[in-house]
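# Commentary on secondary and tertiary structure
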Amino acid sequence: MNIKKITSLTRILSKNTEMQMPDRTLYKVLAAIAAFGIMIPCTVIVGFISYVMTEALLEAGSPSGGILFELQILSAFSMIFGILVIFSILFFSSDREHFVTLPIPTHHLMMAKFLYAYLAESVMEFLVLIAVFVGYFLAIGRNLGALKALNPIGLISSILGVALIPMVPMIYCAIFSIILMAALSGVKSTGIFYRLSTVFLLIFAALFVFSLRGIGEVNMENYVESLGSGQNSLLRTLNVVFFPVPWLTKAISDSSILYLLLYIVGNAFLLAVLYFIGKALYQKGLYTAASLGSSKKARIGAKDIRLESQHLACLKKEIRVILRTKAFSGNCAYINVLWPVGAFLLFHFTKNKGAIALFMEMYSSGKERADMILVIVMLSIAFIATALNSLASTAFTREGQHLSLLKFIPVPYSTQIMAKFDVCILFTYPMLLLTNIIICIYMKTSVSTCLLFAGLMLMAHVIAIFIGMLLDSVSPYVEWDDEYSALRGNLNTFFNMAIMMVIAFVVALLGIILYEIVKLPITVYYVVLFMVLAGVMVRLIMYSPTKIAENIDNL
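Cut-offs applied
- Residues numbered from 1 in each chain as written.
- Predicted model: local features only at pLDDT ≥ 70, side-chain atom pairs only at ≥ 80, totals over all residues.
- Heavy atoms only, no water.
- Helix = DSSP H or I, 4+ residues; strand = E, 2+ residues; numbered from the N terminus.
- Buried < 20%, exposed > 50% of the residue type's maximum accessible area, 1.4 Å probe, protein only.
- Contact = heavy atoms within 4.5 Å.
- Areas by Shrake-Rupley, 256 points an atom, 1.4 Å probe, with all protein chains shown as cover.
- Patch = residues over 30% accessible without salt bridge, like charges linked within 9 Å, V, L, I, M, F, W, Y side chains within 5 Å.
- Salt bridge = Lys/Arg side-chain N within 4 Å of Asp/Glu carboxyl O.
- Axes fitted to C-alpha atoms, helices over the stretch in contact; angles between N-to-C directions.
- Parallel < 35°, antiparallel > 145°, perpendicular 65-115°, else oblique.
- Left-handed = near helix turned anticlockwise from the far one by under 90°.
- Nonpolar A, V, L, I, M, F, W, Y, C, P; charged D, E, K, R; others polar.
- Polar contact = N/O pair within 3.5 Å; in protein donor to acceptor, adjacent residues only side chain to side chain.
- Phe/Tyr/Trp six-rings, centres within 6.5 Å; stacked < 30°, edge-to-face > 60°.
- pLDDT = per-residue confidence, 0-100.
- Disulfide = S-S within 2.5 Å.

Let us now look at the overall build of the protein. Along the backbone of the protein there are 26 helices and zero strands. Burial analysis of the protein (555 residues in total) assigns 50% to the buried set. Excluding contacts between residues fewer than 6 apart, the proportion of contacts in the protein whose partners are at least 24 apart in sequence is 83%. Carbon and sulfur atoms make up 70% of the accessible area of the protein, which totals about 26,500 Å².

Turning our eyes to something else, we now look at a nonpolar patch on the surface. A contiguous nonpolar patch, built from Val502, Phe505, Val506, Leu509, Ile512, Ile513, Ile517 and Val518 and spanning about 690 Å² of accessible area, is present on the exposed surface. You can see Ile517 is positioned in helix α25 (residues 491-517). In this structure Ile517 comes out as exposed when scored by relative accessible area, which is 59%.

The next point concerns the pattern of salt bridges. Counted according to the given criterion, the structure contains seven salt bridges. Taking the shortest distance from any N to any O, the salt bridge between Glu318 and Lys317 comes out at 3.3 Å. According to the relative accessible area criterion, Lys317 is partly exposed, its value standing at 33%. In the salt-bridge network here, residues are joined through shared partners; they are Lys317, Glu318, Arg398, Glu399 and Lys420.

This next bit is on the packing of helix α16 (residues 310-324) against helix α22 (residues 413-443). The contact between α16 and α22 brings their axes to 9 Å, and the two run at 50 degrees. The angle between α16 and α22 falls in the class oblique. Classified by chirality, the crossing of α22 by α16 is right-handed. Side by side, α16 and α22 meet where Gln310, His311, Cys314, Leu315, Lys317, Glu318, Ile319, Ile322 and Leu323 of the first sit next to Thr415, Gln416, Met418, Ala419, Lys420, Asp422, Val423, Leu426 and Phe427 of the second. Of the residues that constitute the contact of α16 with α22, the class distribution is ten nonpolar, four polar and four charged.

With that settled, consider the side chain of Ser50. Of note, Ser50 is situated in helix α2 (residues 25-59). Looking at Ser50, its side chain comes within polar contact range of the side chain of Glu70, at 3.3 Å. When neighbours within four sequence positions are excluded, Ser50 is seen to be in contact with Glu70, Ala131, Val132, Gly135 and Tyr136.

Between two aromatic rings, the relevant description is the distance of the centres plus the angle of the planes. Taken as a whole and assessed by the stated rule, the structure comprises nine aromatic pairs. By the ring-pair criterion, three or more aromatic residues cluster together here, those being Phe114, Tyr118 and Phe126.

All right, on to the environment of Glu516 then. When you line up the elements, Glu516 lands in helix α25. Among the residues examined, Glu516 registers a relative accessible area of 22% and is labelled partly exposed. For the pair formed by Glu516 and Arg369, sequence separation is 147 residues and the distance between their alpha carbons is 8.6 Å. The contacts of Glu516, once residues within four sequence positions are left out, are Arg369, Met372 and Gly511. One polar contact links Glu516 to Arg369, side chain to side chain, over a distance of 2.7 Å.

This paragraph deals with the packing of helix α23 (residues 447-474) against helix α26 (residues 522-554). Where α23 contacts α26, the axes come no closer than 9 Å and their chain directions differ by 30 degrees. Classified by the interaxial angle, the pair formed by α23 and α26 is roughly parallel. For the pair α23 and α26, the sense of crossing is left-handed.

Tracing the backbone through its elements, the reader meets Phe133 in helix α6 (residues 123-144). In this structure, the C-alpha to C-alpha distance between Phe133 and Ile252, residues 119 residues apart in sequence, is 9.9 Å. Each residue touching Phe133, except ones within four places of it in the same chain, is listed here: Ile67, Leu71, Ser158, Gly161, Val162, Leu248 and Ile252.

Attention now goes to the side chain of Thr493. Locating Thr493 in the fold gives a position in helix α25. Apart from the residues within four sequence positions on either side, Thr493 is in contact with Ala387, Ser390, Ser393 and Thr394.

Here we come to unusual backbone geometry. Phi is mostly negative for residues that are not glycine, and the peptide bonds are mostly trans. The backbone of Ser255 shows a phi angle near 55 degrees, a positive value even though the residue is not glycine. Along the chain, Ser255 turns up in the loop between α14 (244-254) and α15 (257-294). Given the relative accessible area of 32%, Ser255 is considered partly exposed. Here Ser390, not a glycine, exhibits a phi torsion of approximately 55 degrees, which is positive.

Because the α-helix completes a turn every 3.6 residues, residues three or four places apart line up on one side. Turning to helix α17 (residues 326-333), its buried residues number three or more, namely Ala327, Phe328, Ser329, Cys332 and Ala333. In the core, the buried residues of α17 are packed alongside α16, α22 and α24 (483-488).

Across the protein, the average pLDDT comes to 80, with 79% of residues at or above 70. Throughout residues 294-305 the model reports pLDDT below 50, and contacts reaching past four residues in sequence, or to other chains, amount to two contacts.

Taken as a whole, this structure holds zero disulfides when the rule is applied. Considering cysteine sulfurs only, Cys424 is the nearest to Cys332, which forms no disulfide, with 9.0 Å between them. Under the relative-accessibility criterion, Cys332 is labelled buried at 0%.

Take a look at the structure:
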């Protein structure tokens, strides 16, 4: 294995497939907001969860059970969501034709693409893993003493774990991709490949549900007890699949050099397996990918040519691009279903206990503070859901290298912009509305309150859409190799999320100032909120299309 050549190729791929930060003060400020508003809070929450789980399992007599479970869950999700990324980068990226013509061994190209995918996909996971280990060591230090927590072998093992935990699931994804592409050389559709993440997710969900069997009442205490006793079927299965992870936790908890060496050898062995499988089969997989690309032929008949309005034609084009592209459909359209499903599961399983039950009781008793909290939650969902699906913040990025066509087709900018706006509404607002209805049913709000929430959420949704489209029109990311890179490498999505989190914080702060500090009635908060949101929304509707059109002209 020529490591120098592989790392050199990896650096080339990294430079050519990530959006460069625009050299503007606004973007630097947004990057700082995103770091402090998204990444740091997420890592703190994960660290706290790790701390609490470790303390709970210390009482159950299994000090390393909590960190083992967390690492295995992270590994499982890395595999579920990494399979499509690996498929896309290894076989369906647009640079495939350029590299295969160069005098580069295909297995070296495969390893370089793998390392690039591993590093690009694991940045946030590295931070999460750091938080997991910090939470674990804090809990161990508090209960068993600092010497037990800060032993050199444990610290070295945790550092290696941060770097290597995401690698094993990505190796599995790459091996599976290469073998499947080589074996199914006669397949003429990419559909079978892009459904694999769904299959893996269903398998994981089935294992999780099966692990609830025999624990009695479904609650966190019983589940933690099953982890501590070693009887959790999900954890036992994951321990077999991701076999190096238990060795790592043993190295950390027992300060064992032997288990640390086993962990390193296990990772090296899997990496070697990937190398030799790639050397044997990657070339054949590339031939399969090439035949898939060449089999797509456009069939245009008379019945396909219809006379319709320009707006409707542009809207249909946006819908087709999103629904026919796996990366866009899953990450931009279908992800919105998580909000009503999540709201239903949250209230259905916790309505009689815990913080949700206390809040429902607080709201039903007529306390105005509960009204304020509920409207803040609803608006926060609208802002964050709109930013999270990245429909608005990739409105122009999705055009890729064909973005210039927007300037030359005989359709006004305003029509194209409104089509992109409408597709954001179409895929997102119905799910927000359903989420609102589910929450209002469980909270037993009045119909008028439910309608008020729906109106406020619509205004928040419109504001978030225009801000996202404005960001993407200023600096769209068009030099992407595949659709997953368009989503993953687009900084505008990250910045839009940061702005929405700041706005959600301002909405909450406004409520605290008006109700808690100034002591005004909750009605005043509703009125002020409505006026502010309506004013911002109207201003954006009036001026954003013109500004977006100017940005397109300047590209």
